[in-house]
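Structure assessment
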Amino acid sequence: TDNVASNTVFQDRVLKVEEPTEPDAVRWLDLGVGYRSKVMLRTINFAVTFSLIVAAAAITSRVRRGFGPAFSGPVITIMNTLVPLIVKILMIFERHATEGGWQRSLYLKITLFRWVNTAIILMLITPFTSKIDFQDSDVLPVVNSILWSEMWLSPSLRLLDIVSNFRKHFMAPRAQTQEDMNSNFQGTVYYLGERYTDFTKVLFVCFFYSALHPAAFFYGFLILMFQYFTDKYCLMRIWYLAPLIGKEVSVFSRRYFFSAALLAMAITSSYVYAHFPYDNVCETTTDFPGGTFEVTNQKDEVFNVTIEQGAEVQYCRQRFTQTNGLSFPASPEWQTDGVTWMTDSQETLVTLYGWTTVVMLVGFVIYLFGGAIKNFFVGIFKGIYEPSGTNQNIDFSTDQEVYAYIPQIRRGGYAFPFLACDVDGVGDDLIGWTDKHNPRDYHNIIYDMPYEGMKRQRGEEAKIEDSASDQETKSKKRPIFSIVKHWEPEWMKNEE
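Below is a summary of the structure that appears in this document. (Residues numbered from 1 in each chain as written. Predicted model: local features only at pLDDT ≥ 70, side-chain atom pairs only at ≥ 80, totals over all residues. Heavy atoms only, no water.)

Some points on the overall build of the chain
So the rule is basically this: Secondary structure elements follow DSSP: runs of H or I of four or more residues count as helices, runs of E of two or more count as strands, with numbering from the N terminus. Relative accessibility under 20% of the residue-type maximum defines a buried residue, over 50% an exposed one, and the middle range a partly exposed one, all with a 1.4 Å probe and only protein chains included. Only heavy atoms enter the contact rule, under which two residues are in contact if any of them lie within 4.5 Å. Here the Shrake-Rupley method, with its probe set to 1.4 Å, supplies the accessible areas, and only the displayed protein chains count as covering residues.
Counting its secondary structure elements, the chain contains twelve helices and eleven strands. Counting all 496 residues of the chain, 37% fall into the buried class. If you take every contact in the chain between residues at least 6 apart in sequence, the share linking residues at least 24 apart comes to 69%. Of the roughly 30500 Å² of accessible surface on the chain, 60% is carried by carbon and sulfur atoms.

In structure tokens:
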């Protein structure tokens, strides 16, 4: 305690004070789930997500071979829309203490799928010699198709909002009660973690193919601009109000995925320049007798090729996985003696790029784990806690925009959450919402389970002077649900 500021010490202890989760972002039903159960459920979900990635790769490859790259782009976009729906169903079984943690897990799974499905799979299933040409089976037309699909198809699906419009115009007029009808007009539920995946996916595709397709940055600008205005419209007109989860997803995205996208851009660019010109043809000093040869192309078409005598080229392996030595970093040393395909300037560029990726990789590891390692060893010898901000001298009861942590359960189809505790000792301003048409008891589930010695029944007038705990003590019955009470300060009582 001698190594920290005196105002951070409380009873000879240094308290680690952090900004709490917003009350409406607490997942109350998951607080009692054990650690082992949480890990097991998350592991199962990751395994299923990995299976979806493999299945998407197989479907994309088959569509590309059977119908051409013009169809593979829309197929990738459609899978980027449908698979997150499956992932969200799987997320129902995961348990997280806060909504921010749940959204972060959702973001991780969907981002991994969309990165692999949109960018990495395409690079893997495309033949090596079809990287820089403009034939239908090459990479560049497929990337263009993907970017065009992301530009118009994904925003169009959000604007159409098919499910919500069906509920508003078909189900709502046929509802039997006013509550059922109102539930059809609540708006479409959206997840901030999923919206972040669309943003990072576009960035990753542009970064991943930037060396092969520099115009991807212009596509990315247009896509993100369309997404911004589309999401802005949906946020104001279509989507349902989401919990205030804070900055967990944004911090997680910037720390891990943005930095990983930059690292991926550097590494893939270095290999692109090292593999250029992607033809597996190298210069050689060996004389060639010439002749006519039968060749089979990628479409299994057979034709003859005549090579003149004395040609100074020969077949070679330019792919890094087929060269001798280390595959990382990219290096002109992949070229064997007498067989080269890089120019002098290309060798210089590849050398600079290759060692730059090594430095970036080391920096990436230090960025992720360096701070934690430093704090661990430095914390052994001295205090490392630094307070964030200062005491504003504003008490809890003064701030009218701060709500209490009241257990609530949200269920689809209901405009308001269910209260799961005794709130007779709490004002409406601390709950976070107010139903103008029904009293609080109407939304409180504790009155659906009456028991002997219960303080009162639903609809009966609450006695403010007697707390719930006093009533339960008199009846010698332990309450089933928790009790939330606010002890107002004297100045507030005087104002009343």
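Next comes the rest of the write-up.
Points about a nonpolar patch on the surface
For the record, the criterion: Patches draw on residues past 30% relative accessible area with no salt bridge. Two like charges within 9 Å are joined, as are two nonpolar side chains (Val, Leu, Ile, Met, Phe, Trp, Tyr) within 5 Å. Within this document, salt bridges are pairs made up of a side-chain nitrogen of Lys or Arg and a carboxyl oxygen of Asp or Glu, the two lying within 4 Å of each other.
Taken together, the side chains of Phe-328, Leu-361, Val-365, Phe-369, Ile-373, Phe-376, Phe-377, Ile-380 and Phe-381 define a hydrophobic patch exposed on the protein surface, amounting to about 940 Å² of accessible area. Overall, the relative accessible area of 32% leaves Leu-361 in the partly exposed class.

Remarks on unusual backbone geometry
With an omega of 15°, the peptide bond running from Phe-276 to Pro-277 counts as cis. Looking at the secondary structure, you find Pro-277 in the loop between α9 (248–275) and β3 (281–284). Even without being glycine, Asp-161 reaches a positive phi, approximately 45°. On the secondary structure map, Asp-161 appears in the loop between α4 (139–160) and α5 (162–171). Assessed through its relative accessible area of 11%, Asp-161 is described here as buried.

Some details on helix α1 (residues 35–67)
As a reminder, the rule being used: Under the convention used throughout, the expected extent of a helix is 1.5 Å for every residue step, that is, one less than its residue count.
A rise of 1.5 Å per residue sets the reference length of α1, with its 33 residues, at 48 Å; its end C-alpha atoms lie 47 Å apart and thus fit the reference within 8%. Of all the residues in α1, the buried ones are Lys-38, Asn-45, Thr-49, Leu-52, Ile-53, Ala-56, Thr-60, Ser-61, Val-63 and Arg-64.

A look at the pattern of salt bridges
Counting across every chain of the model gives 19 salt bridges. The partner of Glu-94 in a salt bridge is Lys-109, and the shortest N-O contact between them spans 2.7 Å. Of this pair, Glu-94 sits in the loop between α2 (69–90) and α3 (99–125) while Lys-109 sits in helix α3, and the two are 15 residues apart along the sequence. Among the ionic pairs, Asp-441 bridges to Arg-456, the shortest N-O distance being 2.8 Å. With Asp-441 in the loop between β10 (421–425) and α11 (468–475) and Arg-456 in the loop between β10 and α11, this residue pair connects regions lying 15 residues apart in the sequence.

Observations concerning the environment of Ile-446
Tracing the chain through its elements places Ile-446 in the loop between β10 and α11. Residue Ile-446 is classed as buried on the basis of its relative accessible area, which comes to 7%. It is 7.8 Å that separates the C-alpha atoms of Ile-446 and Leu-419, two residues lying 27 residues apart in sequence. Leaving out residues up to four positions away in the same chain, Ile-446 has contacts with Leu-419, Ala-420, Cys-421, Asp-422, Met-454 and Phe-481.

Here's the deal with α9
Going by this rule: A residue's bend is simply the angle between two axes: one fitted to the seven residues ending at it, one to the seven starting at it.
With 28 residues, α9 ought to run about 40 Å at 1.5 Å a step, and its terminal C-alpha atoms sit 40 Å apart, in line with that. Considering bend angle alone, the principal kink of α9 is centred on Arg-254 and spans about 35°.

Thoughts on the side chain of Gln-346
The following threshold applies: Any pair of N or O atoms that falls within 3.5 Å is considered a polar contact. Within protein, one atom must be able to donate a hydrogen and the other to accept it, and sequence-neighbouring residues count only if both atoms are side-chain atoms.
In this structure, Gln-346 sits in helix α10 (residues 344–381). Note on Gln-346: relative accessible area 10%, which makes it buried. A distance of 2.6 Å separates the side chain of Gln-346 from the backbone oxygen of Tyr-273, its partner in a polar contact. With sequence-adjacent residues up to four places away left out, Gln-346 is seen in contact with Tyr-273, Ala-274, Phe-276 and Trp-341.

Focus on the packing of α4 against helix α8 (residues 216–237)
Just so we agree on the cut-off: Lines are fitted to the C-alpha atoms to define the axes, a helix being fitted only along its stretch in contact, and any angle between axes, read from their N-to-C directions, falls within 0 to 180 degrees. If an angle is under 35 degrees, it is roughly parallel; if it is over 145, roughly antiparallel; if it lies from 65 to 115, roughly perpendicular; otherwise it is oblique. For this scheme, ten residues count as nonpolar: Ala, Val, Leu, Ile, Met, Phe, Trp, Tyr, Cys and Pro. Four count as charged, namely Asp, Glu, Lys and Arg, and the remainder, Gly too, count as polar.
Between α4 and α8, the shortest axis-to-axis distance is 10 Å and the interhelical angle comes to 5°. Between α4 and α8, the crossing angle belongs to the class labelled roughly parallel. Packed against α4, whose contacting residues are Asn-144, Leu-147, Trp-148, Glu-150, Met-151, Pro-155, Arg-158 and Leu-159, the element α8 presents Ala-216, Tyr-219, Leu-222, Ile-223, Phe-226, Gln-227, Thr-230, Asp-231, Tyr-233 and Cys-234 at the interface. Residues that form the contact of α4 with α8 fall into these classes: twelve nonpolar, three polar and three charged.

Points about the side chain of Asn-184
With respect to the helices and strands, the residue Asn-184 is situated in the loop between α6 (178–183) and α7 (192–208). For Asn-184, a relative accessible area of 7% translates into the label buried. A distance of 3.1 Å separates a polar atom in the side chain of Asn-184 from the backbone oxygen of Asp-180. Residue contacts for Asn-184: discarding those within four places in its chain leaves Arg-167, Lys-168, Met-171 and Ala-172.

Here's the deal with the packing of aromatic side chains
So the rule is basically this: Any Phe, Tyr or Trp ring, taking Trp's six-membered ring, that has another such ring centre within 6.5 Å forms a pair; planes under 30 degrees apart are called stacked, those over 60 apart edge-to-face, and the others tilted.
Applying the stated criterion across every chain, the model contains 20 aromatic pairs. Summarising the aromatic geometry, the rings of Tyr-107 and Phe-252 are spaced 6.1 Å apart at their centres and angled 80° between planes, so their arrangement reads as edge-to-face. Of this pair, Tyr-107 sits in helix α3 while Phe-252 sits in helix α9, and the two are 145 residues apart along the sequence. For the pair Tyr-107 and Phe-252, a shared accessibility class is recorded, and that class is buried.

Structural notes on the packing of α9 against α10
Using the following cut-off: A crossing counts as left-handed when the near helix is turned anticlockwise from the far one by less than a right angle, and as right-handed when that turn is clockwise.
As a packed pair, α9 and α10 sit with axes 9 Å apart at the nearest point and diverge in direction by 160°. Between α9 and α10, the interaxial angle falls into the category roughly antiparallel. Where α9 crosses over α10, the two elements pack in a sense that is left-handed.

Description of the nonpolar core
How we decide: Definition used in this section: a nonpolar core is a set of buried Ala, Val, Leu, Ile, Met, Phe, Trp, Tyr and Cys residues joined via side-chain atoms within 4.5 Å.
Judged by nonpolar contacts, the single largest core of 35 residues is most densely connected at Leu-147, Phe-204, Tyr-209 and Leu-212. Where this core is concerned, the elements lending two or more residues are α3, α4, α7, α8 and α9. When neighbours within four sequence positions are excluded, Tyr-209 is seen to be in contact with Ala-119, Leu-122, Met-123, Val-139, Val-143 and Pro-214.

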